[in-house]
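As a plain string of letters, each chain reads:
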Amino acid sequence: MDNVNSAVETLVQSSNTLFILMGAIMVFAMHAGFAFLEVGTVRHKNQVNALVKIMTDFGFSAVAYFFIGYWIAYDVTFFQDAETLAAGSGYELVKFFFLMTFAAAIPAIVSGGIAERAKFWPVLFASTLTVAFVYPLFEGIIWNGNFGFQAWLESSFGAGFHDFAGSVVVHGVGGWIALVAVLFLGIRKGRYRNGRLVAFPPSNIPFLALGAWILSIGWFGFNVMSAQTLDGVSGLVAVNSLMAMVGGIIAALVVGKNDPGFIHNGPLAGLVAVCAGSDVMHPIGALVVGAIAGVVFVWMFTLQQNKWKIDDVLGVWPLHGLCGVWGGIAAGIFGSEALGGLGGVSLMSQIIGTLAGILVAVVGAAIVYGGIKAVFGIRLSDEEEFDGADLSIHKIESTSND
């Protein structure tokens, strides 16, 4: 019996390791989606910079999270010998890999907002600091119970803040950090003339669409594999993700009046919003949540560009910041038993937890980007911006006719 139990335990450990590894790989692949979504949206003279930013941000994020961020969030380090680290089929190592791909999404989100006018090295430094300190601070509070915040919510309102796959922890935090960075950078030259918006059309709709497809597919790893163990996997999460995604598509199509940029961001808006409550909502509730998110994205992106003159290139604040906020609150509404959900959520806890995420993101980003702006500067010169980040920073264009 001991041999049988040992074999079963080994099988369970290896199966869980493979399960979360597949999730890590799917979320890792989403970074290609971030890259092509940005490449297709920015002007031709900034395409190389978009690709390079996503790749280098990922590399620096991995190192920052390995040595600092994961330690802050979960009080876990990797300074033991390899034999110790490999115990249990190396599950804890792969769990780090999975959560690191979430952390690296923060600078990938920010990248789309600050495109076309940001300096390279100062912003890369800012990305490293946010992944090392700002993001893991809130991640640890919510997903590891740090500082007793979750315990306080549970004792006060009957349930802690529920964010199954990161509507607020990842997307909300990333979107609000991006807003601060965008405001510090300012508006691109020529974006407004005589107080009116000047259209900078996307350089490549097929690339934009490819990015949206890659992100949408990878998101099922982002959400479903957030269970982190095979015995916790739920088809409800998968179908809720699907329904929220299609709700976002349909709403963005109708409200966005056939605009391909809105249509391809619609599924992403729905998926951002459903992350938090994907494990507790009814599929019809998820459809409604996704549809509302699609409307929120289109309306708020239009409003911030036309009325508020916030030059957020990819609309990452409405997409991730505001749809993430909606997702955090929606989990407390549509996750309730009264609306067909599984229950175990508190609307008040969802509101307070969401506001806490915004606070951490805004204050952290103000310190990081404000400090770097004061010391190094974060914006290209007018001449460099006119020439484009590709030639100014990387000395090469994205395509050649030779």
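Scroll up to find the structure this text is about.
Residues numbered from 1 in each chain as written. Predicted model: local features only at pLDDT ≥ 70, side-chain atom pairs only at ≥ 80, totals over all residues. Heavy atoms only, no water.

1. Focus on the overall build of the protein chain
Secondary structure assignment for the protein chain yields 16 helices and two strands. The C-alpha atoms of the protein chain give 21 Å as radius of gyration, which agrees with the globular expectation for 402 residues (21 Å, within 12%). Its C-alpha atoms give the protein chain principal-axis dimensions of about 75 × 50 × 40 Å. Counting the 402 residues in the protein chain, one finds 56% classified as buried. A separation threshold of at least 6 residues defines the contact pool for the protein chain, and within that pool the share at least 24 residues apart is 80%. A total accessible area of about 16,500 Å² is found for the protein chain, and carbon and sulfur atoms account for 69% of it. Between the averaged position of the 17 positive side-chain charges in the protein chain and that of its 26 negative side-chain charges there is a distance of 20 Å. (Helix = DSSP H or I, 4+ residues; strand = E, 2+ residues; numbered from the N terminus. Rg over C-alpha atoms; globule rule 2.2 N^0.38 Å. Buried < 20%, exposed > 50% of the residue type's maximum accessible area, 1.4 Å probe, protein only. Contact = heavy atoms within 4.5 Å. Areas by Shrake-Rupley, 256 points an atom, 1.4 Å probe, with all protein chains shown as cover. Lys, Arg positive; Asp, Glu negative; His and termini not counted. Charge placed at Lys NZ, Arg CZ, Asp CG, Glu CD.)

2. Some points on the environment of F60
Considering the arrangement of structural elements, one finds F60 in helix α2 (residues 47-74). A relative accessible area of 38% places F60 in the partly exposed class. With 71 residues separating them in the primary sequence, F60 and V131 have C-alpha atoms 8.9 Å apart. Those residues in contact with F60 that lie beyond four places of it in its chain are W121, L124 and T128.

3. Notes on the packing of helix α7 (residues 149-157) against helix α14 (residues 347-375)
One can describe the packing of α7 onto α14 by two numbers: an axis separation of 10 Å at closest approach and a directional angle of 155°. By the angle class used here, α7 and α14 are roughly antiparallel. Here α7 and α14 pass one another in a crossing that is right-handed. On α14, the residues touching F149, W152, L153 and F157 of α7 are M348, S349, I352, G353 and A356. Its residues assigned to classes, the contact of α7 with α14 shows seven nonpolar, two polar and no charged. (Axes fitted to C-alpha atoms, helices over the stretch in contact; angles between N-to-C directions. Parallel < 35°, antiparallel > 145°, perpendicular 65-115°, else oblique. Left-handed = near helix turned anticlockwise from the far one by under 90°. Nonpolar A, V, L, I, M, F, W, Y, C, P; charged D, E, K, R; others polar.)

4. Thoughts on the packing of aromatic side chains
Inspection of the entire model under this criterion finds 28 aromatic pairs. Between F262 and F297 the ring centres are 6.0 Å apart and the planes differ by 80°, which places this aromatic pair in the edge-to-face class. Taken as a pair, F262 in helix α11 (residues 260-274) and F297 in helix α12 (residues 283-306) lie far apart in primary sequence, 35 residues in all. Residue F297 is classed as buried on the basis of its relative accessible area of 2%. (Phe/Tyr/Trp six-rings, centres within 6.5 Å; stacked < 30°, edge-to-face > 60°.)

5. Let's talk about the side chain of H162
Along the chain, H162 falls in the loop between α7 and α8 (167-185). Owing to a relative accessible area of 19%, H162 belongs among the buried residues under this scheme. Setting aside chain neighbours within four positions, we find H162 in contact with A276, G277, D279, V280, A331, V345 and Q350.

6. Notes on helix α9 (residues 205-224)
In an α-helix, one turn spans 3.6 residues; hence positions three or four apart end up facing the same way. For α9, which comprises 20 residues, the first-to-last C-alpha distance of 29 Å matches the rise-based estimate of 28 Å (1.5 Å per residue) to within 8%. Burial in α9 covers these residues: L208, A209, G211, A212, L215, S216, G218, W219, G221, F222, N223 and V224. The distance from a side-chain oxygen at the start of α9 to the backbone nitrogen of F207 is 2.9 Å, and the residue carrying that oxygen is N204. (Expected span 1.5 Å × (residues − 1). Polar contact = N/O pair within 3.5 Å; in protein donor to acceptor, adjacent residues only side chain to side chain.)

7. Regarding the nonpolar core
Formed by 109 residues in total, the largest nonpolar core has its most connected members in Y65, I177, W219 and F222. Residue contributions to this core peak at 12 residues, all from α8. If we ignore the near neighbours within four places in the chain, the residues touching F222 are V27, M30, F98, F102, A165, V170, H171 and C275. (Core = buried A, V, L, I, M, F, W, Y, C linked by side-chain atoms within 4.5 Å.)

8. A few points about α14
Along its 29 residues, α14 runs 42 Å from first to last C-alpha, staying within 8% of the 42 Å computed at 1.5 Å per residue. Immediately downstream of α14, the backbone of G377 shows phi near 85°, a positive value.

Structural measurements only, silent on function.
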